[in-house]
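What follows is the residue order along each chain.
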Amino acid sequence: MKRDDLFMKLLIKNIKTLVQAEENPRLKVAGADMKVLPCIENAWLAIEEDKIVDFGKMDDFPGITDWSGLQVIDATDKLVFPSWCDSHTHIVFAASREQEFVDRINGLTYQQIAHRGGGILNSAKKLREASEDELVESALKRLNEVMMQGTGAIEIKSGYGLSVEAELKMLRVIKKLKALSPLTIKATFLGAHAVPADIPNLQGFKSLEGFQKKEKYIQLIINEMLPQIAAENLADYCDVFCEHGYYTAEETINILTAAKSYGLIPKVHAEQLSNSGGVKAGVSVGAISVDHLEYVNDEDIIALKNSQTMPTILPGAQFFLQEPFPPARKIIDAGLPVAIASDYNPGSSPSGNMNFMVSLACIQYKMTPEEAINAATINSAYAMGLSQTHGSIAIGKQANVFITKEISSYAFLPYSFASNNIETVIINGNIIHH
Ligand code: NIG
Ligand code: FE
């Protein structure tokens, strides 16, 4: 997996287009600026150890003075991109759910499947039975899969545990993944993903009424999970599924306010299946991102205008569940930024392929290739607090990039949807071979 230790320096030369190359690094891009994608034609890129150290035009290439430990890649007719940043995933799970996929083909809705104990509760049942080692092993495979598809930084949520024990287990799995995977990983606590039907070892829980279960479970989140998560430093963010039948806007605010007092930064699953107040709740607690947005309305867009919150769209989940399109064009045209993430999970987006997410955003939501690439790099880096180190080609940033096959332009990437245009993946300065 690692570059030969003799080679500490890497030079990529004759690059047809060096994409998202920033002289003056930005933390995010918004509104009309999203149409601008800074690129250098006929370029070179220099990497030392795990960092980008320099880049420029071949015409101005200073030449190589010291060949020791230098590996050179010729990228003639190929493009170099910063790795995708995937700011929203649920890649720790115990089992796939293709039976529910078939049930939906046969006419059931996502909510109907959830009501009869499928959906998130189905994943929770399986996850509780799985060992930490099994979960680490299967999640590592998925991480390797998305790494070869160009992802270089990724956020991973808990939320299939739904008990103190199982949520902590999930977060410990994510902590292990941070140590084992070369990808940059952020961890999010999503205890409030659903209300559990039962909690093993918690006497009397199963026989409570629905509203009492939720009350009790929120108490567990606030009084037991959050303190332990903070004590073991298991999460960077806290997320809530704000939706009818899940958590109300008020409950979302209460949980996220408690999370903030433990140093966790808020995120929200907002307006996915209905307009439920998740965007406004997120903005009111200073969420770093609000994600999904299929049912966002004009008031939500106004609320976002007065915030630092990143509106994040998840084209895979919208496509897979065939929900309405999120109004990405309207959000950008209001002067706001947009980020793209995959939502990789077994229920609503069983793919973490960011190339396809970018294609969907262009084809379905009429985002331009420049806007979609900005959304899946610098803005999605922002949505997980990584835009100072990831999400663009800039001096001092992490050397996470990919080299395409011979393709005609960066627009070819979203255009040739579902094709694999990536030839070489470089993570932390190491060339990762298939
Ligand atoms: O982001 N919306 C809630 N959570 C996930 C789906 C989880 C599941 O179905 O397992 C989502 O779409
Ligand atoms: Fe999600």
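Residues numbered from 1 in each chain as written. Chains lettered and ligands numbered in written order. Predicted model: local features only at pLDDT ≥ 70, side-chain atom pairs only at ≥ 80, totals over all residues. Heavy atoms only, no water.

Colleague: How should I be thinking about the environment of Ala394 in this particular structure?
Modeller: Summarising the element assignment, Ala394 is placed in the loop between helix 14 (378–382) and strand 14 (401–406). Each C-alpha atom of the pair Ala394 and Val29 lies 15 Å from the other, and the pair is 365 residues apart in sequence. Among all residues touching Ala394, those that are not within four sequence positions of it are Glu22, Pro25, Ile52 and Phe55. (Helix = DSSP H or I, 4+ residues; strand = E, 2+ residues; numbered from the N terminus. Contact = heavy atoms within 4.5 Å.)

Colleague: How do you make sense of the nonpolar core when you look at a structure like this?
Modeller: Generally speaking, soluble globular proteins have nonpolar side chains that are buried together. Ranked by internal contacts, the top residues of the largest apolar core, which has 103 residues, are Val92, Phe189 and Ile340. In terms of residue count, the dominant contributor to this core is helix 5 (residues 164–180) (eight residues). The residues contacting Phe189, other than those within four sequence positions of it, are Ser158, Glu167, Leu171, Ile221, Met225, Leu226, Ile229, Ala235, Tyr237, Cys238, Asp239 and Leu264. Of all hydrophobic cores here, the second largest spans 20 residues; its members include Leu10, Leu18, Ala399 and Ile426. (Core = buried A, V, L, I, M, F, W, Y, C linked by side-chain atoms within 4.5 Å. Buried < 20%, exposed > 50% of the residue type's maximum accessible area, 1.4 Å probe, protein only.)

Colleague: Would you mind going over the sheet that holds strand 11 (residues 289–292) with me for this structure?
Modeller: The pairing of strands in a sheet comes from backbone hydrogen bonds and takes either a parallel or an antiparallel form. Across the sheet, which stays open at both edges, the eight strands sit in the order 6-7-8-9-10-11-12-13 with parallel pairing between neighbours. If you trace the sheet from one side to the other, it starts and ends with strand 6 (84–86) and strand 13 (339–340), each paired once. Sheet analysis places strand 7 (residues 151–157) next to strand 8 (residues 184–192), joined by five bridges and oriented parallel. What sits directly across from Lys157, in strand 8, is Thr188. Contacting strand 7 and strand 8, helix 4 (residues 132–148) crosses the sheet at an angle of about 145° to strand 7. (Pairing = 2+ DSSP bridges. Axes fitted to C-alpha atoms, helices over the stretch in contact; angles between N-to-C directions.)

Colleague: How do you make sense of the site of ligand 1 when you look at a structure like this?
Modeller: Close to ligand 1 lie 15 residues; Tyr110, Tyr160, His193, Gln272 and Ser348 are nearest. Here Tyr160 contributes a side-chain N or O atom positioned 2.6 Å from an oxygen atom of ligand 1. Separating an oxygen atom of ligand 1 from a side-chain N or O atom of Ser348 is a distance of 2.6 Å. Protein contact buries 100% of the 320 Å² of open area that ligand 1 shows by itself. Across the shell around ligand 1, the residue classes break down as four nonpolar, nine polar and two charged. (Near = heavy atom within 4 Å. Polar contact = N/O pair within 3.5 Å; in protein donor to acceptor, adjacent residues only side chain to side chain. Areas by Shrake-Rupley, 256 points an atom, 1.4 Å probe, with all protein chains shown as cover. Nonpolar A, V, L, I, M, F, W, Y, C, P; charged D, E, K, R; others polar.)

Colleague: What is the right way to read the domain arrangement of the chain from this model?
Modeller: How big an interface is tends to be expressed through the accessible area that disappears when the partners come together. Here the chain is partitioned into domain 1 (9–82 + 392–433) and domain 2 (85–382). For domain 1 and domain 2, the distance between their C-alpha centres works out to 30 Å. Counting residues at the interface gives 32 residues for domain 1, matched by 34 residues for domain 2. Of the roughly 2600 Å² buried between domain 1 and domain 2 on both sides combined, carbon and sulfur atoms contribute 66%. Of all residues in domain 1, Lys28, Met34 and Pro414 give up the largest surface area on contact with domain 2, accounting jointly for 26% of the area buried on that side. Where domain 1 packs against domain 2, one counts one salt bridge. Taken together, the connections running from domain 1 to domain 2 amount to 13 residue pairs in polar contact (both at pLDDT 80 or more). At the level of elements, strand 5 (78–82), helix 15 (412–415) and strand 15 (422–427) are the ones that each hand at least two residues to the side of domain 1 that touches domain 2. Looking at the side of domain 1 that touches domain 2 residue by residue, the classes come out as 20 nonpolar, six polar and six charged. (Domains from an automatic or database assignment. Buried area = accessible area lost by both parts, 1.4 Å probe. Salt bridge = Lys/Arg side-chain N within 4 Å of Asp/Glu carboxyl O.)

Colleague: What exactly am I supposed to notice about the pairing of strand 2 (residues 39–48) here?
Modeller: Of the strand pairs in this sheet, strand 1 (residues 9–19) and strand 2 are connected by eight bridges, and their pairing is antiparallel. The residue bridging Val19 from the neighbouring strand is Cys39, located in strand 2. Summarising the sheet, strand 2 and strand 3 (residues 51–57) pair through six bridges and their orientation is antiparallel. Bridged to Ile47 within strand 3 is Ile52. Count of turn residues in the strand 2/strand 3 antiparallel hairpin: two residues, of which Glu49 carries a positive phi of about 50°.

Colleague: Looking at this model, I keep getting lost on helix 13 (residues 369–376). Mind explaining?
Modeller: Every α-helix carries 3.6 residues per turn, so stepping three or four residues along brings you back to the same face. Most of helix 13 is tucked away: seven of the eight residues are buried. Residues Glu370, Glu371, Ala372, Ile373, Asn374, Ala375 and Ala376 constitute the buried set of helix 13.

Colleague: In this structure, what is going on with the coordination of the iron ion (ligand 2)? I would like to understand it.
Modeller: Geometry sets the ideal angles at a metal, namely 109.5 degrees for four tetrahedral donors and 90 or 180 degrees for six octahedral donors. Coordination sphere of the iron ion (ligand 2), protein contribution only: His88 (NE2), His90 (NE2), His269 (NE2) and Asp343 (OD), at 2.1 to 2.3 Å. Positions of the donor residues of the iron ion (ligand 2) along the chain correspond to the pattern H-x1-H-x178-H-x73-D. Placement of the pair is His90 in the loop between strand 6 and helix 1 (98–105) and His269 in strand 10 (residues 265–270), with a sequence separation of 179 residues. Each member of the pair, His90 together with His269, is buried. (Donors = N, O, S within 2.8 Å, 3.2 Å for Na, K, Ca; no water.)

Colleague: For this particular structure, what's the right way to read the pairing of strand 12 (residues 310–313)?
Modeller: If a strand is regular, its side chains alternate between the two faces of the sheet. Covered by surrounding structure in strand 12 are Met310 and Thr312 together with Pro311 and Ile313, the residues of both alternating faces. By the bridge criterion, three bridges tie strand 11 to strand 12 in an arrangement that is parallel. Residue pairing in the sheet places Asp291 in a bridge with Thr312 of strand 12. Relative to strand 13, strand 12 runs parallel, the two being bridged by two bridges. Among the inter-strand pairings, Ile313 is bridged to a residue of strand 13, identified as Ile340.

Colleague: Please clarify how the side chain of Arg97 should be interpreted in this entry.
Modeller: Locating Arg97 in the fold gives a position in the loop between strand 6 and helix 1. Among the residues examined, Arg97 registers a relative accessible area of 7% and is labelled buried. Sequence-distant contacts of Arg97, that is, excluding residues within four places in its chain, are made with Tyr110, Gly119, Ile120, Asn122, Ser123, Tyr160, Pro346 and Gly347.

Colleague: I keep staring at the environment of Gly31 and nothing clicks. Help me out?
Modeller: Positionally, Gly31 belongs in the loop between strand 1 and strand 2. Judged by relative accessible area, which is 4%, Gly31 ranks as buried. Taking the C-alpha atoms as reference, Gly31 lies 27 Å from Phe55; in sequence the two are 24 residues apart. Filtering out sequence-adjacent residues up to four positions away, Gly31 remains in contact with Ile332, Gly335, Leu336 and Pro337.

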